[in-house]
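If you want the building blocks of each chain, they are given just below.
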Amino acid sequence: MTDNAHIHGSIDVLDFPGADDLIAAGRVEPPSAQVVEAARAQVSAGAVVVPLEAPRRRQSRSRRLLVAAAAVAAIAAGAVAYPVIGVGESKPPASASAAEFLNRMAATAAGASETDAPYWKVHVEVDNEDDGLRQSTSWFDRAGHFWSRNPDGNIQKPVPGGKLKAWPVGDQFLTWKQLESLPTDPDALEKRLGGDAFGKVSILLEDAPLAPEVRAALFKIMARTEGVKLIGQVEDTKGRKGTAVKFTRRPGWMEDPATGKRTTLPARTTRLVIDPESGKLLESYDTAKGMPDSRATYLEVGAVDKIG
């Protein structure tokens, strides 16, 4: 399994006191400016951070999403309107709150500066069944040549004629230089990505060297993807604060090309923690019922002038 390989999983349930009353209330008139300001003050004073769980080595157990009391107070006051989403066969549209946050991240990404640095650095910690808990540091140039730090601290140089670092886009794998040709229009980019837009967008947002406009387009694609939900403020495994969204794929199957045998795959949930200030992906956490969880925490991702 590579660092970009993921195992996904179960659906969290929105469950807090007064939820039934909120559902029954239907559409209400917007609150006054005074009510909105008071609710915002309550949220700022009492915001609760929901820590992310460490990956489990054994079969997953069902769990519920704990909703911060301050956020519930804000919803009741009318300052925020989170739609209640049921768990059914068909996927609902992305919730208004998730779409709003992701579109805001698109604007943040678009405002970033281009880089002319020669190398791209990725320092990541992974925790999954195949790799266990480990950290790795790699550098890539625009042609795809890559360097990595060995456990003894020495840096492994590219092997002549060796494989190149590339990222999946549709049915192709593109190097940094080739990623520069990706379209910046969300419609054209989504068509280029092919199916499973959320999964493919997630992989690129994790550690790919992308132009600001392309990264912005990826966030816009995710914002309109059906079934994306906002979790809210969380801490990643390293204690860094971020905003989390999640997406649950339906159960599927995988076919062995040699035998034609199909293996049923359970529903998979991907939870992404995003830095709301920079738009960088801090952590990807994947679960699936009956399968070990998988985590990738991105400790440093970005352009650098030298290796080491």
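Further up the page is the structure itself.
As the structure is a computational prediction, the values presented were derived from the model and not from experiment.

Peer 1: Can you help me understand the packing of aromatic side chains in this one?
Peer 2: Counted by the stated rule, this structure contains five aromatic pairs. Geometrically, the ring pair formed by Trp120 and Trp176 is edge-to-face, given 5.8 Å between the ring centres and 65° between the ring planes. Of this pair, Trp120 sits in strand S2 (residues 119-128) while Trp176 is found in helix H5 (residues 176-179), placing the two residues 56 residues apart along the sequence. On the basis of relative accessibility, which here comes to 12%, the residue Trp120 falls in the buried class.

Peer 1: What is the right way to read the environment of Ile231 from this model?
Peer 2: Checked against the element boundaries, Ile231 lands in strand S8 (residues 229-235). Separated by 12 residues in the primary sequence, Ile231 and Thr243 place their C-alpha atoms 7.3 Å from one another.

Peer 1: Where do I start with helix H6 (residues 186-193) in this structure?
Peer 2: Given 3.6 residues per turn, any residue in an α-helix points the same way as the ones three and four places further on. Among the residues making up H6, those that are buried are Pro186, Leu189 and Leu193. Projection of H6 onto a plane perpendicular to its axis shows the buried side chains occupying an angular sector of 65°, all on one side. Those residues of H6 that are buried are in contact with strand S6 (167-169), helix H7 (197-207) and helix H8 (212-223). Regarding H6, its N-cap is Asp185, as a side-chain oxygen of that residue lies 3.2 Å from the backbone nitrogen of Asp187 further along. Two residues or fewer past H6, Gly194 is found with a positive phi of approximately 85°.

Peer 1: Looking at this model, I keep getting lost on the pairing of strand S4 (residues 146-149). Mind explaining?
Peer 2: Looking along a regular strand, one sees the side chains alternate between the two faces of the sheet. As judged from the three bridges shared by strand S3 (residues 132-141) and S4, these two strands associate in the antiparallel manner. The residue of S4 that forms the bridge with Trp139 is Trp147. Turn length for the S3-S4 hairpin, with the two strands adjacent in sequence and antiparallel, is four residues, and the turn residue Gly144 shows positive phi of about 105°. Connecting the antiparallel pair S4 and strand S5 (residues 155-156) is a turn made up of five residues, with Gly153 showing a positive phi of about 95°.

Peer 1: Is there a simple way to think about the pairing of strand S9 (residues 241-249) in this case?
Peer 2: Burial runs high along S9: eight of the nine residues are buried. Taken together, the six bridges between S8 and S9 define a ladder with antiparallel strand orientation. Paired with Val234 across the two strands is Gly242, which belongs to S9. The hairpin formed by S8 and S9 contains five residues between the paired strands, and Gly239 there has a positive phi angle of roughly 85°. Of the strand pairs in this sheet, S9 and strand S12 (residues 268-274) are connected by seven bridges, and their pairing is antiparallel. The residue bridging Arg249 from the neighbouring strand is Arg268, located in S12.

Peer 1: Whenever I open this one, the pattern of salt bridges confuses me. Can you help?
Peer 2: Pairing between side chains of opposite charge can happen when the charged atoms of each approach one another. Here the structure, examined in full by the defined rule, presents 14 salt bridges. Note that Arg295 is salt-bridged to Asp127, the shortest N-O span being 3.9 Å. Placement of Arg295 in strand S14 (residues 291-304) and of Asp127 in strand S2 is noted, with a sequence separation of 168 residues between them. Summarising the burial analysis for this pair, Arg295 and Asp127 share the class buried. Asp196 is the partner of Arg249 in a salt bridge, and the nearest nitrogen-oxygen pair spans 3.2 Å. Of this pair, Arg249 sits in strand S9 while Asp196 sits in the loop between H6 and H7, and the two are 53 residues apart along the sequence. Beyond isolated ion pairs, a larger network of salt bridges with shared partners links Glu125, Asp127, Lys238, Glu283 and Arg295.

Procedures and definitions
- Residues numbered from 1 in each chain as written.
- Predicted model: local features only at pLDDT ≥ 70, side-chain atom pairs only at ≥ 80, totals over all residues.
- Heavy atoms only, no water.
- Phe/Tyr/Trp six-rings, centres within 6.5 Å; stacked < 30°, edge-to-face > 60°.
- Helix = DSSP H or I, 4+ residues; strand = E, 2+ residues; numbered from the N terminus.
- Buried < 20%, exposed > 50% of the residue type's maximum accessible area, 1.4 Å probe, protein only.
- Arc of directions from axis to C-beta.
- Contact = heavy atoms within 4.5 Å.
- Polar contact = N/O pair within 3.5 Å; in protein donor to acceptor, adjacent residues only side chain to side chain.
- Pairing = 2+ DSSP bridges.
- Salt bridge = Lys/Arg side-chain N within 4 Å of Asp/Glu carboxyl O.

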